[in-house]
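Inside the fold
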Amino acid sequence: MMAPALADAFRAHGHVRLAGFHPAKRMAPVRRQVQDALSRLGINAGGGKPRRGGSALAGLTPFQQIARLSTLVKLPDLEEAIVTPELLPMMPGLARGPPSPAAAMQLLRPPPHQGEGPFERLNWHVDVAADPPDRLPGIQVFVLIDDVAPGGGATLALAGSHREAAAGSKAQAPNLRMLLKTADDGLEARLRERGLSILEMSGRAGDVFLMDMRLLHTPSVNTTKNVRMMATARYFTRGR
């Protein structure tokens, strides 16, 4: 069961962070599997240039590189290792009922050295439309397999944007996306005026984020030398 304070925070902001939920010893073998898989592709998870297989990512945009790596690297039994019996019971309290897994868990791995990554080029989106808009369509789970530093390619989410989605105005989501593309010095202040803020899902290996799937979110550009190791799974509520 999730503590009432965390459940209240989830409903207010659209997300909760469970810091250190998974112990390091649980993440270590998963991290080694990812590193081994990347090594077979000639990609050094700790930085450096590809030794072989670099052509798999040649000529792709940063976000195309993420998608390509996610198809190249598959780990058996990933979901069982990360979405554990300790984590699953927390979701029914948030979804007001037991959610159902949508598909197999995916790895999210931006390669290193993607550049500075202008904020306005990010792909803010929702994965599913809520119908009706005031109903939670599902919960997305993000798990950090390794440490992810700020600027290290963590998923970004617009905390509070589920409330605007629940208001039901078709114009609000496009307006928010346009606002996010401005990327000037006053952006954060304008977001605060609307009760919104940008969450960067960086942190330590074993941290877990649970996100209301109505939140606008986006991959971010990895400006560090390390491959981000993160996994995600989606759980839909009943009646979708």
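The rules behind each value
- Residues numbered from 1 in each chain as written.
- Predicted model: local features only at pLDDT ≥ 70, side-chain atom pairs only at ≥ 80, totals over all residues.
- Heavy atoms only, no water.
- Helix = DSSP H or I, 4+ residues; strand = E, 2+ residues; numbered from the N terminus.
- Buried < 20%, exposed > 50% of the residue type's maximum accessible area, 1.4 Å probe, protein only.
- Polar contact = N/O pair within 3.5 Å; in protein donor to acceptor, adjacent residues only side chain to side chain.
- Contact = heavy atoms within 4.5 Å.
- Salt bridge = Lys/Arg side-chain N within 4 Å of Asp/Glu carboxyl O.

1. Structural notes on the side chain of Arg-214
Of note, Arg-214 is situated in the loop between strand S7 (208-212) and strand S8 (217-218). The class of Arg-214 is buried, set by a relative accessible area of 11%. Polar side-chain contacts of Arg-214 include one of 3.3 Å to the backbone oxygen of Pro-133. The residues contacting Arg-214, other than those within four sequence positions of it, are Val-126, Ala-130, Pro-133, Asp-134, Arg-135, Leu-136, Pro-137, Ser-161, His-162, Ala-165 and Ala-166.

2. A word on the pattern of salt bridges
Close approach of charged atoms lets side chains of opposite charge pair. What the rule picks out here adds up to five salt bridges. With a shortest N-O distance of 2.5 Å, Asp-207 and Arg-17 are connected by a salt bridge. Of this pair, Asp-207 sits in the loop between strand S6 (197-200) and S7 while Arg-17 sits in strand S1 (residues 15-18), placing them 190 residues apart in sequence. Exposure remark for Arg-17: the relative accessible area of 40% places this residue in the partly exposed category. Arg-214 is the salt-bridge partner of Asp-212, the closest N and O atoms lying 2.8 Å from each other. Judged by its relative accessible area of 2%, Asp-212 falls in the buried class.

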